[in-house]
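# Observations on chain architecture
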Amino acid sequence: MDGAALTAALADLVGADHVADSPPLTDSTGRNVGRPLRVVRPADAAEVADVVRLCREARVPIAPVGARTAYWSPLALDGALAIDVGRLLSLTVEDGVVQAGAGWAVRPLDQALRQRGAHLPLHPDAFGKTQLGSMVATACTSGIGMGSGSLGSHLTGVEWVTGAGTRLWTGAADRPGVPPFLREGGPDLTGLVLGSEGGLGVITTVAFRQRPAPWRVRLPGRTADPRRCFPLGLALAGAYDTFRLQRSTRSGPGWAVDVWVVSAFSPREAAERAVEVARRLGEAGVTVGAPAAETAAARAGRSPDYDDRWNGPLDGLGDFLARASLRGVDVNAPWSAASPVLQTLEDLVAAQSNAGVSESRLAIYAAPDFVNLGCHATVAPGEGWSDADDDAAYAALLALPVVPYRVGRRWPRAAVESMGSRALLRALKLACDPDGLLAPGVGPWS
Ligand SMILES: Cc1cc2nc3c(=O)[nH]c(=O)nc-3n(C[C@H](O)[C@H](O)[C@H](O)COP(=O)(O)OP(=O)(O)OC[C@H]3O[C@@H](n4cnc5c(N)ncnc54)[C@H](O)[C@@H]3O)c2cc1C
């Protein structure tokens, strides 16, 4: 099928206004991720399935694409049809379950949920443009809210369209007419799409537990030695939703510590817990600043302190990317491996500084049962830091007991080869995407 015929066929399915030509695109790293054949924006899951079936007949590769902010190169758009689910914006809150279209950007979704007495418990530590479907496809286990559990623990089901064009629900909703009230409707198929990086299907609806917004108290602090805080990740389980340590080469020595203490019951309980958490942080060598209780406006999703949890205004991402591109290397690790991982990332920061990179940020996000550590450099135009310069860090990290946060195309082949479940993953790929059209070349599926 030539380009004109493809455009006409797509327009028949989704309307001409929702099929667009595209220039070559870049992601948040500034890398060229290719020129898609077309970008298509279906209105609902049925249209997504129609589009996937058309691609199957025409043997056109498919790349589900969100806000293009992932920095481990999961997207390869050259010659592929880019499917953007940004028009899938349904929202219901019923029976203790939130069901939201995969196209919601996470920040407006959180604000809409707060109007209904709920909230989005977890999201990337960014500006909030990430699409909900991408957050599932990348199995968000890094960022704000990790103390409340990883994304998978909040999910009760996912609707997706496989590469064969089949629409299915996982969880309890796997039985027609049953709502997605429980993740384990049978064998846990919801877990399959978590972290699938676009390789098994297109996520169209996400269901997760309705949780009231907690009362929060923010404890800011500084420390010279983040390692002394590591035991607190587990010891303070249940008391925090976010526990972040970060250091930037721009802001001098020492680490900023931010702990958001929570209570599901009352502001008073949150304040009482904050006193105890501050004491424990002090014992671990943190100089703790004045606690700040979240305001009513922040709980409603509108206030400067609410924006602060999203790094500023929603369109801050555009300003950020206009100044520099982001290079990131992240892993998830058990707490026992946190120190050697941190050492490796500190070595990477030193190498970047020596090469003249203007800012490198180390970030540690604590969860009770694991930790996410990453090095994020903002590389301004003209600064000399190439993909190959990260290779030594990748090799050193792979020798540690860690898992990459995410694989994309940046992690070396050895990361994929070392996965014990490779044979099963291949079988799964074949079952869900028999023609290999989805996200060709992405780590776990390549
Ligand atoms: C400043 C900054 C800070 C960041 N901080 C964090 C952080 O704290 N934690 C974190 O996890 N990430 C972080 N990121 C990376 C990124 O923002 C997130 O991983 C985000 O979830 C990617 O969302 P996206 O909509 O941009 O997806 P994209 O980058 O467009 O796509 C990511 C992957 O999801 C797949 N995908 C997208 N939509 C669908 C769909 N509907 N169905 C199936 N697959 C789909 C794509 O094929 C691709 O594999 C940060 C990025 C920036 C720029």
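Rules used in this analysis
- Counting of residues starts from 1 at the beginning of each chain's written sequence and follows it residue by residue.
- For a predicted model such as this one, the threshold for reporting local features is a pLDDT of at least 70, and the threshold for listing and counting side-chain atom pairs is 80 or more; totals across whole chains, interfaces and linings nevertheless cover every residue.
- Values shown for side chains rest on all heavy atoms present in the structure; no hydrogens or waters enter the calculation.
- Runs of E in the DSSP output that reach at least two residues are strands. Runs of H or I that reach at least four are helices, and both are numbered from the N terminus.
- Using C-alpha atoms as the atom set, the radius of gyration is obtained and then compared with a globule rule of 2.2 Å times the number of residues to the power 0.38.
- Summary of the burial criterion: residues with accessible area below 20% of their type's maximum are buried, those above 50% are exposed, and those between are partly exposed, where the area comes from a 1.4 Å probe applied to protein chains only.
- Contacts between residues were defined by any pair of non-hydrogen atoms, one from each residue, lying within 4.5 Å.
- Computed with a 1.4 Å probe, the accessible areas rest on the Shrake-Rupley method; for each residue, only the protein chains presented here act as cover.
- We count Lys and Arg on the positive side and Asp and Glu on the negative side, and we leave His and both chain ends out.
- Every charge is mapped onto a representative atom, which is NZ of Lys, CZ of Arg, CG of Asp or CD of Glu.
- The domain limits used here are those given by an automatic or database domain assignment.
- Here's the idea: put two parts together, see how much 1.4 Å probe accessible area each one loses, and the total over both is what we call buried area.
- Counted as salt bridges are all cases of a side-chain nitrogen of Lys or Arg within 4 Å of a carboxyl oxygen of Asp or Glu.
- Under this definition, polar contacts are N or O atom pairs within 3.5 Å; protein pairs additionally need one hydrogen-donor-capable and one acceptor-capable atom, and for neighbouring residues in sequence, both atoms have to be side-chain atoms.
- Distances are taken per atom, and a residue is near a molecule or strand as soon as one of its heavy atoms is within 4 Å of it.
- Axis lines are fitted through C-alpha atoms, for helices just across the contact stretch, and the angle between N-to-C directions can take any value from 0 to 180 degrees.
- The scheme is simple: roughly parallel for angles under 35 degrees, roughly antiparallel for over 145, roughly perpendicular for 65 to 115, oblique for anything else.
- Any residue outside Ala, Val, Leu, Ile, Met, Phe, Trp, Tyr, Cys, Pro, Asp, Glu, Lys and Arg is labelled polar, Gly included; the first ten of those are nonpolar and the last four are charged.
- Helix crossings get a hand from a simple test, with the near helix turned counterclockwise from the far one by less than a right angle marking a left-handed crossing and a clockwise turn marking a right-handed one.
- Buried Ala, Val, Leu, Ile, Met, Phe, Trp, Tyr and Cys residues that are joined via side-chain atoms within 4.5 Å together make up what is termed a nonpolar core.
- By disulfide we mean two sulfur atoms from cysteines, separated by a distance within 2.5 Å.

Another aspect to go through is the overall build of the protein. A tally of regular secondary structure across the protein gives 15 helices and 20 strands. Expected size for 446 residues packed as a compact globule is a radius of gyration near 22 Å; at 22 Å, the protein falls within 12% of this value. By principal-axis analysis of the C-alpha atoms, the protein measures approximately 65 × 50 × 40 Å. Of all 446 residues assigned to the protein, the portion counted as buried reaches 54%. Of all intrachain contacts in the protein linking residues separated by at least 6 positions in sequence, the fraction that spans at least 24 positions is 70%. Entry remark: accessible area of the protein is about 17600 Å², with carbon and sulfur atoms responsible for 56%. With 43 positive and 46 negative side-chain charges, the protein shows a separation of 2 Å between the mean positions of the two kinds.

According to the domain assignment, the protein consists of domain 1 (3-85), domain 2 (91-209) and domain 3 (215-308). Spacing between the C-alpha centres of domain 2 and domain 3 amounts to 27 Å. The partner domain 3 presents twelve residues to the twelve residues of domain 2 that form the contact. Carbon and sulfur atoms supply 35% of the area buried between domain 2 and domain 3, which totals about 970 Å² over both sides. Across the domain 2-domain 3 interface, the total number found is two salt bridges. The partner of R244 in a salt bridge is D125, and the shortest N-O contact between them spans 3.0 Å. On the surface where domain 2 and domain 3 come into contact, there are ten residue pairs in polar contact (both at pLDDT 80 or more).

Counting across every chain of the model gives 28 salt bridges. One salt bridge connects R56 with D435, and the closest N-O pair in it is separated by 2.5 Å. Highlighted residues: R56 in helix α2 (residues 45-58) and D435 in the segment after α15 (422-432), separated in sequence by 379 residues. Judged by relative accessible area, which is 27%, D435 ranks as partly exposed. R327 is the salt-bridge partner of D387, the closest N and O atoms lying 2.7 Å from each other. Taken as a pair, D387 in the loop between β19 (371-379) and α13 (391-398) and R327 in strand β17 (residues 325-333) lie far apart in primary sequence, 60 residues in all. Under the relative-accessibility criterion, R327 is labelled buried at 13%.

A few words now on the site of the ligand. Taken together, 32 residues are adjacent to the ligand, and P64, T69, D125, S134 and Y405 come closest. For the ligand, an oxygen atom lies 2.8 Å from a polar atom in the backbone of R68. In this structure, Q131 approaches the ligand through a main-chain N or O atom, which is 3.2 Å from an oxygen atom. In isolation the ligand exposes 980 Å². Once the protein is present, 97% of that is buried. For the shell around the ligand, the elements supplying multiple residues, two or more each, are α4 (132-137) and β11 (201-209).

Another point: the side chain of S22. Relative to the assigned elements, S22 resides in the loop between β1 (19-20) and β2 (25-26). With relative accessibility at 6%, the residue S22 sits in the buried group. Beyond its immediate sequence surroundings of up to four residues, S22 is in contact with R35, P36 and V39.

A word on the packing of helix α12 (residues 338-354) against α13. The geometry of α12 relative to α13 is characterised by a closest axis approach of 10 Å and an angle of 175 degrees between their N-to-C directions. Here α12 is positioned roughly antiparallel relative to α13, judged by the angle of their axes. Counting all contacts with α12, which are made through V341, T344, L345 and L348, the residues of α13 involved are A393, A396 and L397. Its residues assigned to classes, the contact of α12 with α13 shows six nonpolar, one polar and no charged.

It is worth spelling out the environment of G143 at this point. Summarising the element assignment, G143 is placed in the loop between α4 and α5 (151-154). Residues G143 and A164, 21 residues apart in the sequence, show an inter-C-alpha distance of 33 Å. Non-local contacts of G143, meaning those with residues more than four positions away in its chain, are made with H123, D125 and Y365.

Viewed as axis vectors pointing N to C, helix α1 (residues 3-14) and α2 meet at an angle of 160 degrees, and their least axial separation amounts to 9 Å. Put simply, α1 runs roughly antiparallel to α2. Judged by the sense of rotation from one axis to the other, the crossing of α1 with α2 is right-handed. In this structure, α1 contributes L6, A9, L10, L13 and V14 to the contact, and α2 contributes E47, D50, V51 and L54. In the contact of α1 with α2, the residues fall into seven nonpolar, no polar and two charged.

The subject of this paragraph is the nonpolar core. Counting 71 residues, the largest nonpolar core has I83, L109, I203 and F208 as its most contacted members. If one sorts the elements of this core by residue count, α2 sits on top with six residues. Shared between two domains, this core takes at least three residues from each, and those domains are domain 1 (3-85) and domain 2 (91-209). In this structure, I203 is in contact with V85, A102, G133, V136, A137, V158, E159, W160 and V193, ignoring residues within four places of it in sequence.

Turning to the state of the cysteines, a few remarks are in order. For the structure shown, the criterion picks out zero disulfides. No disulfide involves C229; its nearest neighbouring cysteine sulfur is the one of C375, lying 20 Å away. With a relative accessible area of 1%, C229 lands in the buried category.

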